[in-house]
Amino acid sequence: MSSNPKSWTDATSIDELPDDDVTGLQVGGRDIAIYKVEGEVFATDNTCTHGHARLCDGFLDGHEIECPLHQGKFNVRDGQPTCAPVTEALRCYPVRIVDGRVLLNMAG
Ligand code: FES
């Protein structure tokens, strides 16, 4: 499925993403959080799995995003919860960088 070019959606330019920070974007009709950590880009759903908080309003520490509402944490590489009260993983989106553009696979 990931080899289908139609699965990949252009999200933004890599130059527009701040280093070691999180950015909220609408991509393919979904609210997505994009993280740039040490030059690498990761993408997850932007809504916390614990409640209605946007992770782009949270605090990114290394590969960990802290939710602004109850301070639950997720690993941005695989979406897994790393700190209570979150227990459910975030959906992650595979990322490709092509000619400076950030492409997300929204099909998975
Ligand atoms: S809404 Fe994110 S930890 Fe509660």
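Structure first, text after, so check above.
Residues numbered from 1 in each chain as written. Predicted model: local features only at pLDDT ≥ 70, side-chain atom pairs only at ≥ 80, totals over all residues. Heavy atoms only, no water.

Draft legend 1. Seen up close, the environment of Ala33. Checked against the element boundaries, Ala33 lands in strand β3 (residues 30-37). The class for Ala33 is buried, based on a relative accessible area of 0%. Remark: the alpha-carbon pair of Ala33 and Leu104, spanning 71 residues in sequence, is separated by 11 Å. (Helix = DSSP H or I, 4+ residues; strand = E, 2+ residues; numbered from the N terminus. Buried < 20%, exposed > 50% of the residue type's maximum accessible area, 1.4 Å probe, protein only.)

Draft legend 2. Quick look at unusual backbone geometry. Pro85 follows Ala84 through a cis peptide bond whose omega is 10 degrees. Inspection of the secondary structure puts Pro85 in the loop between β8 (81-83) and β9 (92-93). One non-glycine residue, Glu38, lies in positive phi territory at about 50 degrees. Along the chain, the position of Glu38 falls in the loop between β3 and β4 (40-45). Even without glycine at this site, Asp99 takes up a positive phi of about 50 degrees.

Draft legend 3. Representation of the nonpolar core. Membership of the largest hydrophobic core comes to 16 residues, with the highest contact counts inside it found for Tyr35, Cys48, Leu55, Ile65 and Phe74. Per-element tally for this core: the top contributor is β3, with three residues. Contacts of Cys48, omitting those with residues within four sequence positions, involve Ala53, Leu55, Cys67, Phe74 and Val86. Ala11, Val27, Ile34 and Val41 belong to the second largest nonpolar core, which has 12 residues in total. (Core = buried A, V, L, I, M, F, W, Y, C linked by side-chain atoms within 4.5 Å. Contact = heavy atoms within 4.5 Å.)

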